Amino acid sequence: MSSPSSPAAPTFVIGKARTRMLGLTLDECIQAFFGGNALVAVIVLALITFFLFREGAQFFNQNRDNIRIYRLAGLEYVDYMRQQQEDHTALTRYLFDVRLRTLKHLTEVEHCSLAEANARLASFDDFAGRYGDAIEPVRGLVSDLTEVATAIKTKFTIGEDTKIQREQLLSVGKTAEAAAVVIQPVDFKSELAPILGTLPAYKEAAVVVRKNLEASLATIPALPVHSLQPRMDRFKQLTRDYLATFPTTLHAMEIWDYTRPVPLWKSFTGFMLGRQWLTASFWQDWYGIVPLFAGSLLISMIALFIAVPLGVGAAIYVNQIASSTEQGLIKPTIEFISAIPSVVLGFFGIAVLGQALRAVSQIQSLNWIPGFPFSERLNALTAGCLLALIAVPTIFTLAEDAINNVPRAFKEASFALGATRMQTILRIIVPASLSGIVSAILLGLGRVIGETMVVLLCAGNRIQIPDFSVGLSVVTQPVHTMTGIIAQEMGEVPQGSIHYRALFMVGVALFFLALLINFFAQKIVRKYRISIG
Amino acid sequence: MSDLPHIFASRPSRGRFLERATFWVFRLATYLVLACGLFVFGDIVVKGSGTVFQREFPFVNTTFLTHSPESLYVFEYKGQKHEMGDTEFRAFREKEEADAKVAGQPAPKIKTESYVYSAGGIWPCIVGTVLLVVGSMTIALFLGVSSAIYLSEYARDGRFVRFIRLAILNLAGVPSIVFGLFGLAMFVLALKWNVSLIAGWFTLAFMVLPVVITASEEALKSVPKGFRDGSLALGATKWQTIRSNVLPYALPGILTSSILGIARVAGETAPIMFTAAYVVRDKLPWEVDKLGDFFFQGVMALPYHIYVVSSKIPQNEYTERVQYGTAFVFLLIVGLIAATSIVLRNKLRGSYKW
């Protein structure tokens, strides 16, 4: 059936001439523009990596020079002896600790008067005095050599400085002045001769020390308190172990050679495994990340220890148990807590929490808690408590999401089988959302490790590896952290110095640590995701 | 007969007791968190409001809010205890010295204790924070929203998009101090912008970018697909569709969720420490010779000021006022921003239902 009045086919103009730029239509240009913006995240990540390395990578070369001069100037050689001396000091400290415990026992348990207790400790004190003096020959040697070695190092640094000065003069074209700058080369061989010449003296000193110690060990008196005797036996063993290190030290000193090259990996391991972060020291600067990392880790563990039960518990409560009015109240409040700026929390820690915790720790009846009482107002515990408050909202939000994503059918099936609410929650819902909860905890860890202001203000900032041997009371020690050290020292270091570059390397370590934590969090979620819709 | 309980009524049992006890543990955990948060908030509000508010008219301590920080001088003079800011103290001393000269006595010696930053106000810090927030959020919103438009409207799921998403996720996890280092290395040193507003803007903008992208994408995704299909069916181009049928509906969502980003930008100290913040600066930001200098000047900022006053000066009754006062004002600003965001979003969730 054809229509008689069909009009002539109109000529449509479909294609408008499109404006083209670089062969792209306008729409494609817009798309490219937005796509370019989407790449910003990638670019920023790349830029962060690039610039951190640009400023930091030179560190390893500089640190190698740092270690090289440590060797060339004989500081390393002197440190062998110094180490021996310090080990001995540690032993005398142990002895002192035993005395303190004995005294405490005598006065508090046996109710002796102080004079009486001291009288009973007289033979012990006599022994401790002899033991402490035993090291004297080595100590004298060390203090003499310290000056010599420092003098060599100073000479070398001055030489380096004049070199730089001459180069600067040359670069501005002042050839005459540059020629006038005299550089005195340091002949390490002759400079080191007085130090190396002390080897026979050291040998003699070591023999004397050994004789002294052995003699004093033979006359070790029995402690007036019998229950502490095991400590003395342990002390004997420690001294024997100490004496056993003498030949190794001597051997190391005999084969020591200032010309031995320092490989680059030494500089790297010195940073990653170095147990000292020591700057602006008269003797030798060390840039080891371990104390900072240990501090960061300790604080994060305290924070997570508090925040995980609270955050996950609150997530379970809000999602499964609370009424909807409660939900409407709790969720915004926790979000609000997450908006409290960390510097305000840090200030709160300084002004209120530090003192409050110390006051609590000094209550007599709480003495059984490890680490109590403590005297440092700012320590890992203070910072950890505040960081917990920062971690809780992160953990809560993500864990609540994870719990919310458990399919409804799981819950219904569990109820249908006659399980109670508690059984359903603890045996069905939580295990089903465990991957999400674990990743929430990991992201909470990432948040806590990267937090700066709270730890800078409240952690006490003592650069030392926390003494884990004291058990749980380690949490009350002041520590320093990776984030804190950057914030504290970056403003004061000259640009381009080794210290400046070391701080950038700490930043690199922090950056990759954060990426690693993120990576694991995502991996866990992806791997253990429940695949039932 | 009626004494007997209903056979289906719940009877107390060990299991039931255990369940109730467990639930109470969870409840306590939740409320403990809330109590801690509110305690911190309350402590600062209570102690800080003493500095910011006053009993007499106009009830707000205008000096604190509108003046620059000054040193505080505490001294005893002629049996009276005085506390004065720097300018007031100088005027006072000059007057006393002049009086003594007239009376023919030697100039009086005034023994003072001084505390830096403890008198005057925090006006430059407020200004600096506002400038930092406005600038960085403008940059972040521009980059973030464009990025989100690409991810939600243009991109097809593929390796490229997954790569970008991975980058965004990882960027969100980078510690703020690392952003500070990055800003120092790139903007302050490599681009030679020195410690300046613009360096701080870019550092903060990059830091908050993941928040803005995620929030914007969520808002864009919540616009129904039918809106786009309808527009495309009428012959509009992709860009026309986005401009007229997607963005207007997504905009409120984008803005409200991004306010949380503002709270983050305003609250962070570490990124601006090396890039934008000065410990103290006499001039206000608009007192510049030429317009170009405006971007290349450092500013004082509230979070950094809190850090300075809480770590660099001793804690006592004289310094406490400025410490708590600054913290209170700062918390108030950040809290207001966050509360606005939360309330607006909850409202939005209810009103936009299609």
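Just so it is clear, the model here is predicted, and its values are computed rather than measured. All residue numbers here refer to positions counted from 1 along the written sequence of the relevant chain. Written order decides the labels, with chains lettered from A and ligands numbered from 1. Per-residue local features of the predicted model are confined to residues with pLDDT of at least 70, and side-chain atom pairs are confined, for both listing and counting, to 80 or more; whole-chain, interface and lining totals are unaffected and use all residues.

**Looking at the overall build of chain A**
Reasoning step 1: Every helix listed is a DSSP run of H or I at least four residues long, and every strand listed is a run of E at least two residues long, numbered separately from the N terminus. Within chain A, the regular secondary structure consists of 23 helices and 4 strands.
Reasoning step 2: Only C-alpha atoms enter the radius of gyration; for comparison, a globular chain is expected to reach 2.2 Å times N to the power 0.38, where N is the number of residues. On C-alpha atoms alone, chain A measures out to a radius of gyration of 34 Å, which is more than a quarter above the 24 Å that the 2.2 N^0.38 rule sets for 533 residues.
Reasoning step 3: Burial is judged by counting the other C-beta atoms within 10 Å of a residue's own C-beta: 20 or more makes it buried, 12 or fewer makes it exposed, and any count in between marks it as partly exposed, with every C-beta position built from the backbone. The 533 residues of chain A split such that 36% are buried.
Reasoning step 4: Think of it this way: build a C-beta for each residue from its backbone, and any pair within 7 Å is a contact. Excluding contacts between residues fewer than 6 apart, the proportion of contacts in chain A whose partners are at least 24 apart in sequence is 78%.

**What to know about the overall build of chain B**
Reasoning step 1: Helix and strand counts for chain B come out as 13 helices and 3 strands.
Reasoning step 2: Each principal axis of the C-alpha atoms in chain B carries an extent, and together these give about 95 × 80 × 40 Å.
Reasoning step 3: In chain B, which comprises 354 residues, the share counted as buried stands at 43%.
Reasoning step 4: Long-range contacts, defined here as pairs at least 24 residues apart, represent 77% of the contacts in chain B between residues at least 6 apart.

**Regarding the domain arrangement of chain B**
All names here are of chain B.
Reasoning step 1: Here chain B is partitioned into domain 1 (69–120) and domain 2 (123–351).
Reasoning step 2: Note: domain ranges come from an automatic or database domain assignment. Between domain 1 and domain 2, the C-alpha centre-to-centre distance is 44 Å.
Reasoning step 3: Of the residues lining the interface, 8 residues belong to domain 1; the matching set on domain 2 comes to 7 residues.
Reasoning step 4: Contributing elements (two or more residues each) for the side of domain 1 that touches domain 2: β1 (69–77) and β3 (112–120).
Reasoning step 5: Within the side of domain 1 that touches domain 2, the residues separate by chemical class into 6 nonpolar, 1 polar and 1 charged. Residues were grouped as follows: Ala, Val, Leu, Ile, Met, Phe, Trp, Tyr, Cys and Pro as nonpolar; Asp, Glu, Lys and Arg as charged; and all remaining residues, including Gly, as polar.

**A closer look at the interface of chain B and chain A**
Reasoning step 1: Taken together, the contact pairs 68 residues of chain B with 69 residues of chain A.
Reasoning step 2: Here the side of chain B that touches chain A takes 17 residues from helix α1 (residues 14–52) of chain B, the largest share from any one element.
Reasoning step 3: Taken together, the residues of the side of chain B that touches chain A sort by class into 47 nonpolar, 17 polar and 4 charged.

**Quick notes on the pairing of β1(B)**
Residue and element names in this part refer to chain B.
Reasoning step 1: Here, strands pair whenever DSSP counts at least two bridges between them. As judged from the 6 bridges shared by β1 and β3, these two strands associate in the antiparallel manner. Note on β3: the bridge partner recorded for Tyr 73 is Ser 114.
Reasoning step 2: Alignment of β1 against strand β2 (residues 80–85), held across 6 bridges, turns out to be antiparallel. Across the sheet, the residue bridging to Leu 72 is Gly 85, located in β2.
Reasoning step 3: Linking β1 to β2, which pair antiparallel, is a turn of 2 residues; within it Lys 78 sits at a positive phi near 50°.

**Digging into the nonpolar core**
Reasoning step 1: If you look at the biggest cluster of nonpolar residues, it comprises 196 residues, and the most contacted ones within it are Val344(A), Ile395(A), Val506(A) and Leu209(B).
Reasoning step 2: Apart from the residues lying within four places of it in its own chain, the contact partners of Ile395(A) are Ala307(A), Val308(A), Gly311(A), Val312(A), Ala440(A), Ile441(A) and Gly444(A).
Reasoning step 3: Grouped together as the second largest cluster of nonpolar side chains are 26 residues, Ile69(A), Leu91(A), Ile152(A) and Ala205(A) included. Core membership is restricted to buried Ala, Val, Leu, Ile, Met, Phe, Trp, Tyr and Cys residues, and these are joined into a nonpolar core through C-beta atoms within 7 Å.

**With respect to the confidence of the model for chain B**
Reasoning step 1: Per-chain confidence: chain B averages 85 in pLDDT, with 97% of residues scoring 70 or above.
Reasoning step 2: Across the interface, the model reports ipTM at 0.89; the global pTM reads 0.88. Residue-level confidence of the predictor is summarised by pLDDT, bounded by 0 at the bottom and 100 at the top.

**Some words on the sheet that holds β3(B)**
Residues and elements named next belong to chain B.
Reasoning step 1: Strand order in the open sheet made by the 3 strands is β2-β1-β3, with antiparallel pairing throughout. Among the strands making up the open sheet, the edge pair consists of β2 and β3. Looking at each pair of strands side by side, their axes are set apart by 25° on average, direction ignored.
Reasoning step 2: Contacts from helix α3 (residues 86–103) reach β1, β2 and β3, with the element oriented near 125° to β2. In this description, a line fitted to the C-alpha atoms serves as the axis of each element, helices being fitted only across the stretch in contact, and the angle between N-to-C directions of two axes falls anywhere from 0 to 180 degrees.

**A word on helix α7 (residues 136–171) of chain A**
All names here are of chain A.
Reasoning step 1: Here the expected span of a helix is defined as 1.5 Å times the quantity of residues minus one. Counted at 1.5 Å a residue, the expected span for α7 with its 36 residues is 52 Å, and the 53 Å between its end C-alpha atoms agrees.
Reasoning step 2: Its buried side turned inward, α7 meets α3 (58–72), α4 (75–108), α9 (188–196) and α10 (199–218).
Reasoning step 3: Downstream of α7 by a residue or two, Gly 173 has a phi angle that is positive, lying close to 90°.

**A few points about the packing of α4(A) against α7(A)**
Each pair of packed helices gets described by two things: the angle between the helix axes and the distance between those axes.
Residue and element names in this part refer to chain A.
Reasoning step 1: Viewed as axis vectors pointing N to C, α4 and α7 meet at an angle of 155°, and their least axial separation amounts to 9 Å. Taken as axis vectors, α4 and α7 run roughly antiparallel relative to one another. Considering the relative orientation of α4 and α7, their crossing is left-handed. Touching Leu 75, Val 78, Met 81, Arg 82, Gln 84 and Gln 85 of α4 are Val 138, Arg 139, Leu 141, Val 142, Leu 145, Thr 146, Ala 149 and Lys 153, all from α7.
Reasoning step 2: Its residues assigned to classes, the contact of α4 with α7 shows 8 nonpolar, 3 polar and 3 charged. Geometric relationships in this document are graded by angle, where less than 35 degrees denotes roughly parallel, more than 145 denotes roughly antiparallel, 65 to 115 denotes roughly perpendicular, and other angles denote oblique. By the definition used in this description, the sense in which the near helix is turned from the far one sets the handedness, with an anticlockwise turn below a right angle giving left-handed and a clockwise turn giving right-handed.

**What to know about unusual backbone geometry**
All names here are of chain B.
Reasoning step 1: Phi at Lys 192 is positive, roughly 60°, even though this residue is not glycine.
Reasoning step 2: With respect to the helices and strands, the residue Lys 192 is situated in the loop between α6 (176–190) and α7 (197–221).
Reasoning step 3: Its 9 C-beta neighbours within 10 Å are what place Lys 192 among the exposed residues.

**A look at the environment of Ala215(B)**
Residues and elements named next belong to chain B.
Reasoning step 1: Along the chain, Ala 215 turns up in helix α7.
Reasoning step 2: Note on Ala 215: 24 C-beta atoms within 10 Å, which makes it buried.
Reasoning step 3: In this structure, the C-alpha to C-alpha distance between Ala 215 and Thr 256, residues 41 residues apart in sequence, is 8.8 Å.
Reasoning step 4: Once residues within four sequence positions are removed from consideration, Ala 215 is found in contact with Ile 254, Ser 257 and Ser 258.

**A short note on the environment of Ser114(B)**
All names here are of chain B.
Reasoning step 1: With respect to the helices and strands, the residue Ser 114 is situated in strand β3.
Reasoning step 2: It is 64 Å that separates the C-alpha atoms of Ser 114 and Pro 224, two residues lying 110 residues apart in sequence.
Reasoning step 3: For Ser 114, the contacting residues outside a window of four places in its chain are Ser 71, Leu 72 and Tyr 73.

**Considerations on the confidence of the model for chain A**
Segments scoring low in pLDDT should not have their predicted coordinates read at a detailed level.
Reasoning step 1: When pLDDT is averaged along chain A, the result is 85, and 95% of the positions lie at 70 or above.
Reasoning step 2: At the low end of the mean pLDDT range in chain A sits strand β1 (residues 20–21) of chain A, at 69; at the high end sits helix α14 (residues 290–321) of chain A, at 94.

**Quick notes on the packing of α4(A) against helix α6 (residues 122–133) of chain A**
Residues and elements named next belong to chain A.
Reasoning step 1: Two elements in contact, α4 and α6, have axes whose closest approach is 10 Å; the angle formed by their N-to-C orientations is 170°. With respect to their mutual orientation, α4 and α6 come out roughly antiparallel. Note on element contacts: α6 touches α4 through Phe 124, Ala 128, Tyr 131 and Gly 132, opposite Thr 92, Leu 95 and Arg 99.
Reasoning step 2: The class makeup of the residues in the contact of α4 with α6 is 4 nonpolar, 2 polar and 1 charged.

**Here we look at helix α12 (residues 302–311) of chain B**
Reasoning step 1: In terms of burial, α12(B) is a largely internal element, 9 of the 10 residues being buried.
Reasoning step 2: Taken together, the buried positions of α12(B) are Leu302(B), Pro303(B), Tyr304(B), His305(B), Ile306(B), Tyr307(B), Val308(B), Val309(B) and Ser310(B).

**A word on the environment of Asn404(A)**
Reasoning step 1: With respect to the element layout, Asn404(A) can be found in helix α17 (residues 380–404).
Reasoning step 2: When the C-alpha atoms of Asn404(A) and Val344(A) are compared, they prove to be 32 Å apart, with 60 residues separating the residues in sequence.

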